[in-house]
Amino acid sequence: MSYLPSIVLAVAGLILLFVLLIKLRRVLRVLTHTVSMVATNTRKRTGLLRARSAALRVAIAQRRGLEDR
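Residues numbered from 1 in each chain as written. Predicted model: local features only at pLDDT ≥ 70, side-chain atom pairs only at ≥ 80, totals over all residues. Heavy atoms only, no water.

So, on to the UniProt feature "transmembrane region" (unreviewed entry) in the protein. Within this numbering scheme, the UniProt entry marks residues 6-24 as carrying the feature "transmembrane region" (unreviewed entry). Along residues 6-24, the helical share is 100% and the strand share 0%, with 27 Å between the first and last C-alpha atoms. (UniProt positions renumbered as here; feature names shortened; annotations may be inferred. Helix = DSSP H or I, 4+ residues; strand = E, 2+ residues; numbered from the N terminus.)

Let us look at the environment of threonine 46. With respect to the secondary-structure elements, threonine 46 resides in helix 1 (residues 4-68). Separated by 15 residues in the primary sequence, threonine 46 and alanine 61 place their C-alpha atoms 22 Å from one another. A distance of 2.7 Å separates a polar side-chain atom of threonine 46 from the backbone oxygen of threonine 42. (Polar contact = N/O pair within 3.5 Å; in protein donor to acceptor, adjacent residues only side chain to side chain.)

Next up, the structure:
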């Protein structure tokens with residue numbers, strides 16, 4: 001009967017480990033979703049900034065072209 005407390009302790013430890021892994025999985029899922037949203041938002045903003053920069057370069061080139069004539 002001296003092995004019974006060891007078995008109970010091992011089972012309790014495994015149950016605790018299982019519960020912690022489930023919670024960790026949920027947290028990682030939320031974190032992954034958040035990282036994905038941030039990356040998408042950053043790509044959109046970067047694209048808009050590039051488009052604005054390109055438009056500004058075109059406008060400057062057009063003005064310089066008008067001044068040369």
